[in-house]
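Residues per chain, in single letters:
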Amino acid sequence: MADAVSEAEARRTVETVWRLESARIVASMARLVRDVGLAEELVQDALVAALQDWPRLGVPENPGGWLMLTAKHRAIDRLRRNDRLDDKVAQLGQDVAERRRTAIHDGTGDFDAVIDHEDLTDDVLRLIFIACHPVLPTPSRIALTLRLLGGLTTEEIARAFMVAEPTIAQRIVRAKKTLGERQIPFELPSQPERAERLGSVLEVVYLIFNEGYSATVGDDLLRPELCQEALRLGRMLAELAPGEPEVHGLVALMEIQASRFRARVDPTGRPITLSDQNRGRWDQLLIRRGFTALLRARNLNAPIGPYVLQAAIAACHAQARRAEDTNWEQIATLYQTLLQVAPSPVARLNHAVAVSMTAGPAVGLNMVDELTGHSALRNYHLLPAVRGDLLAKLGRMDEARVEFERAAELTRNAPEREVLLRRAYACTAGPG
Amino acid sequence: MRFLMTTNGGGPAPTPELYAEMGRFVEEMTKAGVLLASGGLDPNGTHFSATSGQVTLTDGPYTEAKESIVSFALIEARTQDEAIELAKRFWKVVGDGEGDMRQVYGPAD
């Protein structure tokens, strides 16, 4: 048995282990009790038990295994109380009680002894699918995913999204309730539902990434911890579902975008555009990882999806050692393909930018003007920002200034607003 | 936060069982999205020392195997506590030996 530790130390260990193991523990409990809400509750009980026991008995040799066993024990107690005891559960109960006696605090309580590895991979994947289930509103999917798969506290999620803590707590409670009421099964979706369900998972991960990469509100442009979390989820997903090209596409896209982290803001926190970034500061390790993920996607020989295409565009930028080396023709072609696969006004806007780089700002401006009436872009600050940029290139400074001012008005991110206002001001000083 | 974990030479020679177990550990860390890169190093290296513009080379092997790094793993963790917990697991797999863990400064530090 380990030595007694201080309460603070025990708490730290419990928190650390929870962050590392929450996905696996909750997933395997969810398979046992077939209810994600109940599974999380049981695991929370186990965490409370750890906080009580560990200061007195010491931190067990294998803290993750301890939490898993304790949660399982609680599940069995619960199932017994609920009078739903069948042979399988009885067997499991004996099994767990036995191992618990011999292994729990003497070091042989190996995590591996209490879990089934092959099932676990699928359990974690099931947990991701259920947390991102389309019956839940998107903000709830995000909160539940960060909570169950990331082990983040409601406070951490609230801080990252600049939302009040009770709001997040409520989202999570409601989401778990909905999953229970609608009796959403804890299983891997099969065809033809699978593509849509996977799409929802990828969307949630990418939304988390984007909120970290280009925060919609607040004083910081970047929230690295959200990007890290999304990358971790994506990398995890790539190993859990290696046969899905779009998973690798998303991972590639995130790795390559994250490689520009260091170059994206100046020392005062203001954003630096892609063309002005110091490319020597791009993280080559992440770029390489992104290219590897893109290759994995391509080697699957499946039809190309939107994430793979966006990753291919990101890869084009990553390959250009100087901004002027960028292969804009190839990027424009990729956007055109993207528009066929997944048409969206934002992709059209980006396509217009790429075209303007080869065919000139006037052509780009015409394409952008076709988008100005689009309802989905009405409050999208990058539409006037792009228009302003193209107008400035054409020397139409007065019009450009109005566009930059409009963009500054629309963005809710402080550093971005400052840059836009500077550009608006520059327009009054004369061309260029 | 990124951390570089390194192991030093001089430990017991790895057995096939250790290789298998290490393979599984590496797979698990990859699955958890934690491991960014890893590799082994030839203990026979070249030592450099530079003084006043004068570069001197010394070929390995070095006298103390215990002092030279023979493998590394670059991991990404959310906190130092997490990294330490992961490193502990690593050392449980390795058994006897020595090594270090250092934070690699990134954009957020």
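Residues numbered from 1 in each chain as written. Chains lettered and ligands numbered in written order. Predicted model: local features only at pLDDT ≥ 70, side-chain atom pairs only at ≥ 80, totals over all residues.

**Side note on the overall build of chain B**
Here comes step 1: When helices and strands are tallied, chain B shows 2 helices and 6 strands.
Here comes step 2: The helix and strand sequence of chain B, counted from the amino end, reads β-α-β-β-β-β-α-β.
Here comes step 3: If you line up chain B on its principal axes, its C-alpha atoms span 45 × 40 × 20 Å.
Here comes step 4: Looking at the 109 residues of chain B, the share that counts as buried comes to 15%.
Here comes step 5: Partitioning the contacts of chain B with sequence separation of at least 6, the portion at a separation of at least 24 is 78%. (Helix = DSSP H or I, 4+ residues; strand = E, 2+ residues; numbered from the N terminus. Buried ≥ 20, exposed ≤ 12 C-beta atoms within 10 Å, placed from the backbone. Contact = placed C-beta atoms within 7 Å.)

**Some words on the nonpolar core**
Here comes step 1: Counting residues in hydrophobic clusters, the biggest one holds 115 residues, and the most contacted among them are V26, M29 and L127 of chain A.
Here comes step 2: With 13 residues, the single largest contributor to this core is helix α1 (residues 7-33) of chain A.
Here comes step 3: Those residues within four positions of L127 of chain A in sequence are excluded, and the remaining contacts are A23, V26, A27, A30, L148 and L149 of chain A.
Here comes step 4: Counting residues in each nonpolar core, the second largest holds 10 residues, with F3, V34, A73 and A77 of chain B among its members. (Core = buried A, V, L, I, M, F, W, Y, C linked by C-beta atoms within 7 Å.)

**Regarding the confidence of the model for chain A**
Here comes step 1: When pLDDT is averaged along chain A, the result is 88; 90% of the residues meet or exceed 70.
Here comes step 2: A low-confidence stretch, residues 100-104 of chain A stays under pLDDT 50, and its non-local contacts, those more than four residues away or across chains, total 9 contacts. (pLDDT = per-residue confidence, 0-100.)

**Brief notes about the sheet that holds strand β2 (residues 35-40) of chain B**
Residue and element names in this part refer to chain B.
Here comes step 1: The 4 strands lie next to each other as β2-β5-β1-β6, forming an open sheet whose pairing is antiparallel. Looking at strand neighbours, the two that pair on one side only are β2 and β6 (99-104), the edges of this open sheet. Averaged over all pairs of adjacent strands, the angle between strand axes in this sheet comes to 15 degrees, irrespective of strand direction.
Here comes step 2: Note: β2 against strand β5 (residues 69-76), 5 bridges, orientation antiparallel. Among the inter-strand pairings, L35 is bridged to a residue of β5, identified as I75.
Here comes step 3: Across the sheet, helix α2 (residues 80-94) is in contact with β1 (2-8), β5 and β6; its angle to β1 comes to roughly 25 degrees. (Pairing = 2+ DSSP bridges. Axes fitted to C-alpha atoms, helices over the stretch in contact; angles between N-to-C directions.)

**Notes on the interface of chain B and chain A**
Here comes step 1: Chain B puts 14 residues into the contact, and the matching count from chain A is 16 residues.
Here comes step 2: Counting residues per element, the ones that place at least two in the side of chain B that touches chain A are α1 (16-31), β2 and α2 of chain B.
Here comes step 3: Among the elements that line the side of chain B that touches chain A, the one with the most residues is α2 of chain B, at 3 residues.
Here comes step 4: Looking at the side of chain B that touches chain A, its residues break down into 5 nonpolar, 3 polar and 6 charged. (Nonpolar A, V, L, I, M, F, W, Y, C, P; charged D, E, K, R; others polar.)

**Side note on unusual backbone geometry**
Residues and elements named next belong to chain A.
Here comes step 1: Across the junction of Q191 and P192, the peptide omega takes the value 0 degrees, indicating a cis bond.
Here comes step 2: Tracing the sequence through the fold places P192 in the loop between α9 (165-181) and α10 (193-213).
Here comes step 3: If you check the backbone angles, N301 has positive phi at about 50 degrees while not being a glycine.
Here comes step 4: Its place among the elements puts N301 in the loop between α13 (284-299) and α14 (306-319).

**Quick word on helix α3 (residues 63-81) of chain A**
Here comes step 1: Here α3 of chain A is 19 residues long and its end C-alpha atoms lie 27 Å apart, about the 27 Å a rise of 1.5 Å per residue gives.
Here comes step 2: Taken as a whole, α3 of chain A has its buried residues at P63, G64, G65, W66, L67, M68, L69, T70, A71, K72, A75 and I76 of chain A. (Expected span 1.5 Å × (residues − 1).)

**Examining the environment of T13 of chain A**
Residue and element names in this part refer to chain A.
Here comes step 1: Locating T13 in the fold gives a position in helix α1.
Here comes step 2: Placed 38 residues apart in sequence, T13 and L51 show a C-alpha to C-alpha distance of 9.3 Å.
Here comes step 3: Sequence-distant contacts of T13, defined by excluding residues within four places in its chain, comprise W54, V59 and P63.

**Looking at the packing of α1 of chain A against helix α2 (residues 36-57) of chain A**
Residue and element names in this part refer to chain A.
Here comes step 1: Here α1 crosses α2 at 150 degrees, and the two axes come no closer than 9 Å. Judged by the angle between their axes, α1 and α2 are roughly antiparallel. You can see that α1 and α2 cross each other, and the crossing is right-handed. Contacts from E7, A10, R11, T13, V14, W18, I25, V26, M29, A30 and V33 in α1 reach V36, L38, A39, E40, L42, V43, L47, A50, L51, W54 and P55 in α2.
Here comes step 2: Grouping the constituent residues of the contact of α1 with α2 by class yields 18 nonpolar, 1 polar and 3 charged. (Parallel < 35°, antiparallel > 145°, perpendicular 65-115°, else oblique. Left-handed = near helix turned anticlockwise from the far one by under 90°.)

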